[in-house]
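Take a look at the letters that make up each chain.
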Amino acid sequence: MYTYIHMLKETQKRRAFLAACASTVLAGCSGTLAGDSNERVECLSSDHTWPMDGYTSARTNRIDPGAQERNLSQIGTDKSRLSQTGVGPGGSVGAPPVVDDSVAYIPGSMRVEARSTETGERLWAIELDDSVTVSPVLACDTLYISATNETFAIDRDDGSELWSTSVGSISGSPVASGQTLYTVEQNVIAIDAETGERRWTVQTDSIPKGIAVKDDVYITVTHDDTSELISTTRTGEIRWRTTIPEEVFAAPTVTESIVYVVSRTGKLIAVAADDGDIEWQADIEPGVSRHPAVANGYVVVGAGNGERTMAFDATTGERLWTFETGISAGAPVITRESVLTTGANTGIHLLDTSTGERTRHWKLNGVSSDPVVAQGSLLYRDGLVSEIFILR
């Protein structure tokens, strides 16, 4: 275990590397700079407790049944502060952490730290030159961090750098699938998770809002008053583009056959994954900027700037129930038989998936992220202080 600040970026070495790249062609000079560690990333099969924003690369926010999901009704109501990242020059952060093996990896302004979810002990922390505004990703037994202008592969045990690669300004949370890390900046970039080499780039004309990956890749982009959903293959070839006549500020959610998109102007839109045809639309609350949760035949959408979390039939779009949470900045989470949803000023609510009736309530103020379920605990970000709290 470590309790130190590890300075991630070595400015003189990096500047010398970039200057050399600009002046000549070097063997292996491809925009990737390895750290001091002799270790390398190997993408072997690995499972993580809560690996990325949206839980999976498809962003379904659906927890797979497993050891990390105990009876949520047994989690206590006493909260404790887990992170001490503070609000730095990069401003406040709204992103939730990622979790594995009782360790939470927490973004905070211009710092990322690892904390024990059992004791709260800080295991390591790293400072960056750029701000971190989105959740990291756990994949290939490695932590990936997308800072404002650079993406890093980090040894999750001690915080040492394995590789880094320069990117543009980050506009959405990355996801990982297989041996590929997908980052969202001025365009969408696919990066080899083992080496940091760019595999391909999709130019989206406007800054993309988010990405989801299943059999193919799905990207939301907003152009002035309208938006676009773009589908590509996993090798970066565009399959189709569909105009969405709404402002979309959230990543999509994708299942086997349907891509779900929410608009800030109050629409849930279901799009056929194979050809981009719009299947149906349903009214939701305005101001939703987080993706929906999808599982077990349900689509659940947070309240956004409205008052109600809503559940819909995933096939037909019929509205099944609503629950009043007040305004919400988080996406719902679906477990075996329940839905976790949040209200900024009402806390975290555990609802019956089929009826929407509340079965448990954690009354909290300032909830500004999705709830993260991790080995019998609930983690969330308190937007009033921009820190992560935990309920055990």
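Structure shown above.
What counts as what
Residues numbered from 1 in each chain as written. Predicted model: local features only at pLDDT ≥ 70, side-chain atom pairs only at ≥ 80, totals over all residues. Heavy atoms only, no water. Phe/Tyr/Trp six-rings, centres within 6.5 Å; stacked < 30°, edge-to-face > 60°. Buried < 20%, exposed > 50% of the residue type's maximum accessible area, 1.4 Å probe, protein only. Helix = DSSP H or I, 4+ residues; strand = E, 2+ residues; numbered from the N terminus. Core = buried A, V, L, I, M, F, W, Y, C linked by side-chain atoms within 4.5 Å. Contact = heavy atoms within 4.5 Å. Patch = residues over 30% accessible without salt bridge, like charges linked within 9 Å, V, L, I, M, F, W, Y side chains within 5 Å. Areas by Shrake-Rupley, 256 points an atom, 1.4 Å probe, with all protein chains shown as cover. Salt bridge = Lys/Arg side-chain N within 4 Å of Asp/Glu carboxyl O. Lys, Arg positive; Asp, Glu negative; His and termini not counted. Charge placed at Lys NZ, Arg CZ, Asp CG, Glu CD. Polar contact = N/O pair within 3.5 Å; in protein donor to acceptor, adjacent residues only side chain to side chain. Pairing = 2+ DSSP bridges. Axes fitted to C-alpha atoms, helices over the stretch in contact; angles between N-to-C directions. Disulfide = S-S within 2.5 Å.

Chemist: I'd like a description of the packing of aromatic side chains, backed by residues and values.
Modeler: Counted according to the given criterion, the structure contains seven aromatic pairs. For the ring pair Trp 50 and Tyr 55, a centre distance of 5.1 Å and an interplane angle of 65° mean the geometry is edge-to-face. A relative accessible area of 2% places Trp 50 in the buried class. Look at Tyr 55 and you get buried, because its relative accessible area is 6%. Aromatic side chains Tyr 182 and Trp 200 sit 6.1 Å apart centroid to centroid with 55° between the ring planes, which places their arrangement in the tilted category. Of the two residues, Tyr 182 is situated in strand 13 (residues 180–184) and Trp 200 in strand 15 (residues 198–202); the sequence distance between them amounts to 18 residues.

Chemist: Go over the nonpolar core with me, naming the residues and quoting the values.
Modeler: Counting residues in each nonpolar core, the largest one holds 31 residues, and the members touching the most others are Tyr 144, Tyr 182, Ile 211 and Ile 219. Residue assignment for this core shows that the elements contributing at least two residues are strand 8 (137–139), strand 11 (161–166), strand 12 (172–177), strand 13, strand 14 (188–192), strand 15, strand 16 (208–213) and strand 17 (217–223). With four residues, the top contributor of residues to this core is strand 14. Contacts of Tyr 144, omitting those with residues within four sequence positions, involve Val 41, Pro 136, Val 137, Ala 139, Phe 152, Ala 153, Trp 163, Leu 181 and Ala 193. Counting residues in each nonpolar core, the second largest holds 26 residues, with Ala 104, Leu 350, Val 367 and Val 372 among its members.

Chemist: Just give me the short version of a negative patch on the surface, but keep the residues and values in it.
Modeler: A cluster of acidic side chains, namely Asp 274, Asp 275, Asp 277 and Glu 279, defines a negative patch on the protein surface. Tracing the sequence through the fold places Asp 274 in the loop between strand 22 (267–272) and strand 23 (278–283). By relative accessible area, which is 56% here, Asp 274 ends up exposed.

Chemist: Describe in detail the side chain of Thr 242, supporting the description with residues and values.
Modeler: Along the chain, Thr 242 turns up in strand 19 (residues 238–244). For Thr 242, the side chain forms a polar contact with the main-chain oxygen of Gly 276, separated by 2.7 Å. If sequence neighbours within four positions are ignored, Thr 242 has contacts with Ser 227, Glu 228, Leu 229, Gly 276 and Ile 278.

Chemist: Go over the pattern of salt bridges with me, naming the residues and quoting the values.
Modeler: Applying the stated rule across the entire model yields 16 salt bridges. Its salt-bridge partner being Glu 42, residue Arg 40 comes within 3.7 Å of it at the nearest N-O pair. The exposed category is assigned to Arg 40, whose relative accessible area is 54%. On the basis of relative accessibility, which here comes to 47%, the residue Glu 42 falls in the partly exposed class. The residue Asp 283 makes a salt bridge to Lys 267 at a minimum N-O spacing of 2.6 Å. Taken as a pair, Asp 283 in strand 23 and Lys 267 in strand 22 lie far apart in primary sequence, 16 residues in all. Among the ionic contacts, a cluster of salt bridges with common partners joins Asp 53, Arg 59, Arg 290 and Asp 370.

Chemist: If you had to explain the sheet that holds strand 33 (residues 377–382) to someone new, which residues and values would you point to?
Modeler: With antiparallel pairing, the four strands of this open sheet are ordered in space as 3-34-33-32. On the outer flanks of this sheet lie strand 3 (79–81) and strand 32 (372–374), each paired with one strand and no other. On average, adjacent strands in this sheet sit at an angle of 30° to one another, irrespective of strand direction. Bridge analysis of strand 3 against strand 34 (residues 387–391) gives three bridges, and the strand direction is antiparallel. Counterpart to Arg 81 in the pairing with strand 34 is Phe 389.

Chemist: Just give me the short version of the state of the cysteines, but keep the residues and values in it.
Modeler: A covalent bond between the sulfur atoms of two cysteines is referred to as a disulfide. Scanning the model with the defined rule gives one disulfide in all. Paired through a disulfide, Cys 43 and Cys 140 show a sulfur-sulfur distance of 2.0 Å. One quick way to see it: the torsion about the S-S bond of Cys 43 and Cys 140 is about 85°, and its sign makes the bridge right-handed. Here Cys 140 lies in the loop between strand 8 and strand 9 (142–146) and Cys 43 lies in the loop between strand 2 (32–34) and strand 3, a separation of 97 residues in the sequence.

Chemist: Which residues make up the pairing of strand 21 (residues 258–262), and what are the values?
Modeler: Of all the five residues making up strand 21, five are buried; the element is thus mostly covered by neighbouring parts of the structure. What you see with strand 21 is no split at all: Ile 258, Tyr 260 and Val 262 on one side and Val 259 and Val 261 on the other are buried throughout. In this structure, strand 20 (residues 253–254) lies alongside strand 21, joined through two bridges in antiparallel fashion. The residue bridging Thr 253 from the neighbouring strand is Tyr 260, located in strand 21. Hairpin connection from strand 20 to strand 21: three residues lie between these consecutive antiparallel strands. Bridging between strand 21 and strand 22 involves five bridges; their strand directions are antiparallel. For Val 261, the partnering residue across the bridge sits in strand 22 and is Ile 269.

By themselves, these are just geometric observations and shouldn't be taken as functional.
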